[in-house]
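Chain by chain, the residues:
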Amino acid sequence: MNFISIQNIDSLDKWVKQALKIKKNPLKNKKLGKNKTLGMLFFNSSLRTRLSTQKAAMNLGMDVIVMNFNSEGWTLEFQDGAVMNQGSSEHIKEAAAVVSQYCDIIAIRAFAGLVDKEKDNAETVISGFLKYASVPVVNMESATGHPMQSLADAITMAEHKTKHRAKVVLSWAPHPRALPQAVPNSFVEMMQKQEDMDFVITHPEGYELNPEITKDSVIEYDQNKAFENADFIYAKNWSNYKEYKFMHCLPVRRNVIVADEVIDSENSVVIEQANNRTYSAQLVLQKILKNGGK
Amino acid sequence: MNFISIQNIDSLDKWVKQALKIKKNPLKNKKLGKNKTLGMLFFNSSLRTRLSTQKAAMNLGMDVIVMNFNSEGWTLEFQDGAVMNQGSSEHIKEAAAVVSQYCDIIAIRAFAGLVDKEKDNAETVISGFLKYASVPVVNMESATGHPMQSLADAITMAEHKTKHRAKVVLSWAPHPRALPQAVPNSFVEMMQKQEDMDFVITHPEGYELNPEITKDSVIEYDQNKAFENADFIYAKNWSNYKEYKFMHCLPVRRNVIVADEVIDSENSVVIEQANNRTYSAQLVLQKILKNGGK
Amino acid sequence: MNFISIQNIDSLDKWVKQALKIKKNPLKNKKLGKNKTLGMLFFNSSLRTRLSTQKAAMNLGMDVIVMNFNSEGWTLEFQDGAVMNQGSSEHIKEAAAVVSQYCDIIAIRAFAGLVDKEKDNAETVISGFLKYASVPVVNMESATGHPMQSLADAITMAEHKTKHRAKVVLSWAPHPRALPQAVPNSFVEMMQKQEDMDFVITHPEGYELNPEITKDSVIEYDQNKAFENADFIYAKNWSNYKEYKFMHCLPVRRNVIVADEVIDSENSVVIEQANNRTYSAQLVLQKILKNGGK
């Protein structure tokens, strides 16, 4: 099995329960990953993902090899049939096949370039590994999705919800810089798999997320209305409301995206979200290992 | 417990004896660190510290995660209340709290910038982690101190002293480039904790170290006089004397800071100092682990 | 023992058989490297070598410390007696001795600079470590040799040869950029140790490899003639022939050095070559460990 998108989760409810079980006893499966190697390939910066995924693998007894592909490896070519007389010196065909010789699972982080939308949507890097690797591939945030983050978010909400049917609002808005949509995309897909939650997306008119992702999720342009009776606010913008559980994937620009008084309040669960990244990653790795590494 | 400065050592004599015991049997506590993770965060280059601290952690059975923060992570903001609409994308508040979710001990290297003395003395990076991390923090050389180096120096002197009351001279002098004072600072503080040694600082008049560090340590501007009857010379400058044990933290510019014939002589103990870095680090980590990781 | 060149192999036939035995049961000697540390120092990029050597060490139960020397450490000085008042801040004398304090085996990658041939042939980096390290040194590709690659090639040919006396051709030709000769050098030296193979080098007249390496190996300028009845072609140039086993060390520029239809054909063994890098490295490390780490 690969873990590329939220769509790889068969039952979100079941996965969240399993992750919470792992959290209670993270070392229970310490022998499961013995003599198995996780290769973590980074094409972009990472703090939480880098550390939590390593931690998860070590909790499972796996060996970990970390590689910053751009600075430590070779420039990759992704186009089939390319005449490689320019800058790239290794084709994804070889790279993915070769890494598969040494690693039992390959985890990859490769952000959107935010220049060519079509290219970003094509997910060149992770699709290339998916196509040419002979071992399972795990998404540590690609151009269009960050499913291990959203799984951690689901775990965090399960721990913090105080009523049976919680209301969750994804608040999305303009950003000083063109913003990757991997996190909101996966969050929306994850929410669509929630059985007992109400979900509203709010953003200014004209700032639509990809309609192929949002599908028939409720979109409310009036932020105040969207926030009525909300339990959790997942913010990708400034929102100065302290009465809701405040969620964010981090890193976050303080006093630009969120006010100090919100993120520092008791209702902020951002550090717990980060903590749950370990169990999110561990569940994914554990499922692959239990599936015989296939 | 944290290990930020030589002042965190309650009894230098006791610590040195414990480190020498570790050196005799470095794998004795191999189980102590089992399933514990050391996170090593580098904001600057490192050879000895990088390798010896990893080695120490592995001797204790710990898992190690190494991260070059500047190139692999996000640019940090250290100012409280900052409106983060500029270059920094993550606040130390989140970064330190987040790393604490995955690591049982955080070790940090963050040099002086040597541009703004006040900022250097404020120890922005390590103070930030100290304030916002929820796990013990270890100093792998900060702007104003390098206590694991000085602890290794104390171990080295204990092994090499040939008389009860040894005389130790710290020789400090101008350098082609503005020089960080972390090593001499911690060395002075360490010497002030030595019960059975005579200590003299020598440097040209006008090149004073921080008087809040040197306090009432003897300062002798006449280098020849300072060196009389010395047993150990800790050199941060050129000194062409072969009759003393020559000490240096390394890296050292040969034939600029020290002549080949001095550092290559039998009296040079620089490699043994480097070797003792492992036991210095291991003692610190071991004390934290034995303290229940607090 | 060190492993610097193919000349360190006493019996190629025996080594290949031992490597194939390791390949059948890679974890058999998992306890051999317990509490031993492999230090991998990279002065250049690496994918296969980085991953396969780590994997090999972990198969032997070793701890691994990886360091990108240029970006993570200090600029090294290699000249004896240098007055180090310029860019370099640490001498190889200290660096090699210091790394030896923390690592039981030091593996080094340091390519040719391709600017000063004499300097490249002097193998400044690896020779420096060899001279000043107090533990075994392993070559992960130096200016003039890549013996772990060629050992993997020998393993691959042993697995794929279909007749007793196979014919092997090294096809070498101009390259858009000045090309390091480490791989062909070691391949030639390895072939000279093959007892049951015919070996021909082919390249355009005037593109001679180092005659001190090729010695009395057969050189045939007519590529077609060289390829007659060949079983394996080791290509460092474009060669559009599909009927031979195609070998390449990778990375390779597709459709510049090799056509898609050749490298993608069933006769291409490049991924198996990469796979065998693990067992090549593991054999070398295992021999050093069995030799008491000397």
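Residues numbered from 1 in each chain as written. Chains lettered and ligands numbered in written order. Predicted model: local features only at pLDDT ≥ 70, side-chain atom pairs only at ≥ 80, totals over all residues. Heavy atoms only, no water.

**Re the overall build of chain A**
Alright, step 1. Of regular secondary structure, chain A possesses 12 helices and 11 strands.
Alright, step 2. For 294 residues, the compact-globule estimate of 2.2 N^0.38 gives 19 Å, and chain A sits close to it at 19 Å.
Alright, step 3. Buried positions account for 61% of the 294 residues belonging to chain A.
Alright, step 4. In chain A, the share of contacts with a sequence separation of at least 24, taken over all contacts with a separation of at least 6, comes to 68%.
Alright, step 5. Surface accessibility of chain A: about 11,600 Å² in total, with carbon and sulfur atoms responsible for 46%.
Alright, step 6. Computed over 35 positive and 34 negative side-chain charges, the separation of the two mean positions in chain A equals 9 Å. (Helix = DSSP H or I, 4+ residues; strand = E, 2+ residues; numbered from the N terminus. Rg over C-alpha atoms; globule rule 2.2 N^0.38 Å. Buried < 20%, exposed > 50% of the residue type's maximum accessible area, 1.4 Å probe, protein only. Contact = heavy atoms within 4.5 Å. Areas by Shrake-Rupley, 256 points an atom, 1.4 Å probe, with all protein chains shown as cover. Lys, Arg positive; Asp, Glu negative; His and termini not counted. Charge placed at Lys NZ, Arg CZ, Asp CG, Glu CD.)

**Re the pattern of salt bridges**
Residues and elements named next belong to chain A.
Alright, step 1. Within the structure shown, the criterion is met by 39 salt bridges over all chains.
Alright, step 2. Put simply, Lys17 and Asp13 hold a salt bridge, and the shortest N to O gap is 2.9 Å. Of this pair, Lys17 and Asp13 both sit in helix H1 (residues 12–24), separated by four residues, roughly a single helical turn.
Alright, step 3. Residue classification places Lys17 among the exposed positions, given a relative accessible area of 53%. (Salt bridge = Lys/Arg side-chain N within 4 Å of Asp/Glu carboxyl O.)

**A word on the interface of chain A and chain B**
Alright, step 1. Listed by partner, the interface residues are 30 residues for chain A and 32 residues for chain B.
Alright, step 2. Buried surface at the junction of chain A and chain B, both sides included, amounts to about 2,700 Å², of which 58% is carbon and sulfur.
Alright, step 3. If you sort the residues of chain A by the area they bury against chain B, Leu47, Arg253 and Arg254 of chain A come out on top, with a joint share of 23%.
Alright, step 4. Linking Glu72 of chain B and Arg50 of chain A is a salt bridge whose minimum nitrogen-to-oxygen distance equals 3.4 Å.
Alright, step 5. Put simply, chain A and chain B have 17 residue pairs in polar contact (both at pLDDT 80 or more) between them.
Alright, step 6. Secondary structure elements with two or more residues in the side of chain A that touches chain B: helix H2 (48–59), helix H11 (260–263) and helix H12 (270–290) of chain A.
Alright, step 7. The element contributing the most residues to the side of chain A that touches chain B is H2 of chain A, with seven residues.
Alright, step 8. Partitioning the side of chain A that touches chain B into residue classes produces 12 nonpolar, eight polar and 10 charged. (Buried area = accessible area lost by both parts, 1.4 Å probe. Polar contact = N/O pair within 3.5 Å; in protein donor to acceptor, adjacent residues only side chain to side chain. Nonpolar A, V, L, I, M, F, W, Y, C, P; charged D, E, K, R; others polar.)

**Re the nonpolar core**
Alright, step 1. One finds Ile108 and Phe129 of chain C to be the most contacted residues of the largest nonpolar core, which totals 100 residues.
Alright, step 2. With nine residues, helix H12 (residues 270–290) of chain B is the single largest residue contributor to this core.
Alright, step 3. When sequence neighbours within four positions are dropped, the list of residues in contact with Phe129 of chain C reads Leu41, Phe43, Leu76, Ile92, Ala96, Ile106, Ile108 and Val137 of chain C.
Alright, step 4. Met62, Met157 and Val262 of chain A together with Ala96 of chain B belong to the second largest nonpolar core, which has 98 residues in total. (Core = buried A, V, L, I, M, F, W, Y, C linked by side-chain atoms within 4.5 Å.)

**As for the domain arrangement of chain A**
All names here are of chain A.
Alright, step 1. Here the domain parsing of chain A yields domain 1 (6–146 + 277–290) and domain 2 (148–273).
Alright, step 2. Between domain 1 and domain 2, the contact holds 28 residues from the first and 25 residues from the second.
Alright, step 3. Summed over both partners, the interface of domain 1 with domain 2 buries about 2,400 Å², with 64% contributed by carbon and sulfur atoms.
Alright, step 4. When the buried area of domain 1 at its contact with domain 2 is split by residue, Ile6, Leu12 and His146 rank highest and sum to 28% of it.
Alright, step 5. Run the count over domain 1 and domain 2 and you get one salt bridge.
Alright, step 6. Contributing elements (two or more residues each) for the side of domain 1 that touches domain 2: H1, H2, strand S6 (137–139) and H12.
Alright, step 7. A breakdown of the residues in the side of domain 1 that touches domain 2 according to their chemical character gives 15 nonpolar, eight polar and five charged. (Domains from an automatic or database assignment.)

**Some remarks on the state of the cysteines**
Alright, step 1. One pass over the structure, following the stated rule, counts zero disulfides over all chains.
Alright, step 2. The cysteine Cys103 of chain B is free of any disulfide, with Cys249 of chain A supplying the nearest cysteine sulfur at 20 Å.
Alright, step 3. Of the residues examined, Cys103 of chain B reaches a relative accessible area of 2% and is grouped as buried. (Disulfide = S-S within 2.5 Å.)

**As for the layout of surface pockets**
Alright, step 1. In this structure, the largest pocket spans a volume of roughly 1,800 Å³.
Alright, step 2. Lining the largest pocket we find 46 residues, and of these Asp63 of chain A, Met62 and Asp63 of chain B together with Met62 and Asp63 of chain C sit closest to its centre.
Alright, step 3. Secondary-structure elements contributing two or more residues to the lining of the largest pocket are H2 and strand S2 (63–68) of chain A, helix H2 (48–59) and strand S2 (63–68) of chain B together with helix H2 (48–59) and strand S2 (63–68) of chain C.
Alright, step 4. Residue composition of the lining of the largest pocket, by class: 16 nonpolar, 12 polar and 18 charged. (1 Å grid on protein atoms, 1.4 Å probe; cavity = no way out; pocket = protein on both sides within 12 Å on 5 of 7 lines; lining within 4 Å. Points joined across faces, edges and corners; volume = space filled by probe spheres on them.)

**Quick word on the relation of the copies chain A and chain B**
Alright, step 1. With an RMSD of 0.0 Å, the operation that places chain A on chain B is a rotation of 120 degrees combined with a shift of 0.0 Å along the axis. Read as a symmetry element, the transformation amounts to a three-fold axis. (Least-squares fit on C-alpha atoms with pLDDT ≥ 70 in both.)

**What to know about unusual backbone geometry**
Alright, step 1. Look at the link from Leu250 of chain A to Pro251 of chain A: it is a cis peptide, with omega at 0 degrees.
Alright, step 2. Its place among the elements puts Pro251 of chain A in the loop between strand S11 (245–247) and H11.
Alright, step 3. Its identity as a non-glycine residue notwithstanding, Lys215 of chain C has a phi of 45 degrees, on the positive side.
Alright, step 4. Here Lys215 of chain C shows up in the loop between helix H9 (211–214) and strand S9 (218–219).

**Concerning a positive patch on the surface**
Alright, step 1. A contiguous patch of positive charge, built from Lys31 and Lys34 of chain A, Lys31 and Lys34 of chain B together with Lys31 and Lys34 of chain C, is present on the exposed surface.
Alright, step 2. Among the secondary structure elements, Lys34 of chain A is positioned in the loop between H1 and strand S1 (37–42). (Patch = residues over 30% accessible without salt bridge, like charges linked within 9 Å, V, L, I, M, F, W, Y side chains within 5 Å.)

**Notes on the side chain of Asn139 of chain C**
All names here are of chain C.
Alright, step 1. Mapped onto the elements, Asn139 comes out in strand S6 (residues 137–139).
Alright, step 2. Overall, Asn139 belongs to the buried group, its relative accessible area being 1%.
Alright, step 3. At a separation of 2.9 Å, a polar atom in the side chain of Asn139 contacts the main-chain carbonyl oxygen of Ile4.
Alright, step 4. In terms of polar contacts, Asn139 uses its side chain to reach the backbone amide nitrogen of Glu141, at 2.7 Å.
Alright, step 5. With near-sequence residues (within four places) excluded, Asn139 lies in contact with Phe3, Ile4, Ile108, Ile126, Gly145, Pro147 and Met148.

**With respect to the packing of helix H1 (residues 12–24) of chain B against helix H7 (residues 147–160) of chain B**
Relative orientation and spacing of two packed helices are given, respectively, by the angle between their axes and the distance between those axes.
All names here are of chain B.
Alright, step 1. Put simply, H1 and H7 touch, their axes get as near as 10 Å, and they point 80 degrees apart. One finds that H1 runs roughly perpendicular with respect to H7. Across from Leu12, Trp15, Val16, Ala19, Leu20 and Lys23 in H1, the residues of H7 making contact are Leu151, Ala154, Ile155, Ala158 and Glu159.
Alright, step 2. Within the contact of H1 with H7, the residues separate by chemical class into nine nonpolar, no polar and two charged. (Axes fitted to C-alpha atoms, helices over the stretch in contact; angles between N-to-C directions. Parallel < 35°, antiparallel > 145°, perpendicular 65-115°, else oblique.)

**Observations regarding the interface of chain B and chain C**
Alright, step 1. Counting from both sides, the interface comprises 30 residues of chain B and, opposite them, 31 residues of chain C.
Alright, step 2. Summing both sides of the interface, chain B and chain C together bury roughly 2,700 Å²; the carbon and sulfur share of this comes to 58%.
Alright, step 3. For the pair chain B and chain C, the interface holds five salt bridges.
Alright, step 4. Contributing elements (two or more residues each) for the side of chain B that touches chain C: H2, helix H11 (260–263) and H12 of chain B.
Alright, step 5. A class-by-class count of the residues in the side of chain B that touches chain C yields 12 nonpolar, eight polar and 10 charged.

**Overview of the packing of aromatic side chains**
Alright, step 1. Counted by the stated rule, this structure contains 21 aromatic pairs over all chains.
Alright, step 2. Considering the side-chain rings of Phe43 of chain C and Phe69 of chain C, the 5.0 Å spacing of their centres and the 15 degrees angle between planes classify their relative orientation as stacked. Placement of Phe43 of chain C in the loop between strand S1 (37–42) and H2 and of Phe69 of chain C in helix H3 (residues 69–72) is noted, with a sequence separation of 26 residues between them.
Alright, step 3. With a relative accessible area of 1%, Phe69 of chain C lands in the buried category.
Alright, step 4. Of the aromatic side chains, those joined through ring pairs into one cluster are Phe43, Phe69 and Phe129 of chain A.
Alright, step 5. Taking NZ or CZ as reference, Arg50 of chain A lies 4.3 Å from the ring centre of Phe42 of chain A, over its face. (Phe/Tyr/Trp six-rings, centres within 6.5 Å; stacked < 30°, edge-to-face > 60°. Lys NZ or Arg CZ within 6 Å of the ring centre and 35° of its normal.)

**Things to note about the sheet that holds strand S10 (residues 232–236) of chain A**
Residue and element names in this part refer to chain A.
Alright, step 1. Here we have five strands laid out as an open sheet, ordered S9-S8-S7-S10-S11, and parallel in their pairing. The open sheet has two free edges, formed respectively by strand S9 (218–219) and S11, since each of these has just one partner strand.
Alright, step 2. Relative to S11, S10 runs parallel, the two being bridged by three bridges. Within S11, the position partnered with Ile233 by the bridge is Phe246.
Alright, step 3. Contacting strand S7 (166–172), strand S8 (197–202) and S10, helix H8 (residues 182–191) runs over the sheet at an angle of about 160 degrees to S7. (Pairing = 2+ DSSP bridges.)

**Quick look at the sheet that holds S6 of chain A**
Residues and elements named next belong to chain A.
Alright, step 1. An order of S2-S1-S5-S6 is seen for the four strands of this open sheet, with the pairing classed as parallel. Unpaired on one side and paired on the other, S2 and S6 mark the two borders of the sheet. Between one strand and the next, the sheet's axes are offset by a mean angle of 20 degrees, whatever the strand orientation.
Alright, step 2. Judged from the three bridges that link them, strand S5 (residues 105–109) and S6 form a sheet pairing that is parallel.

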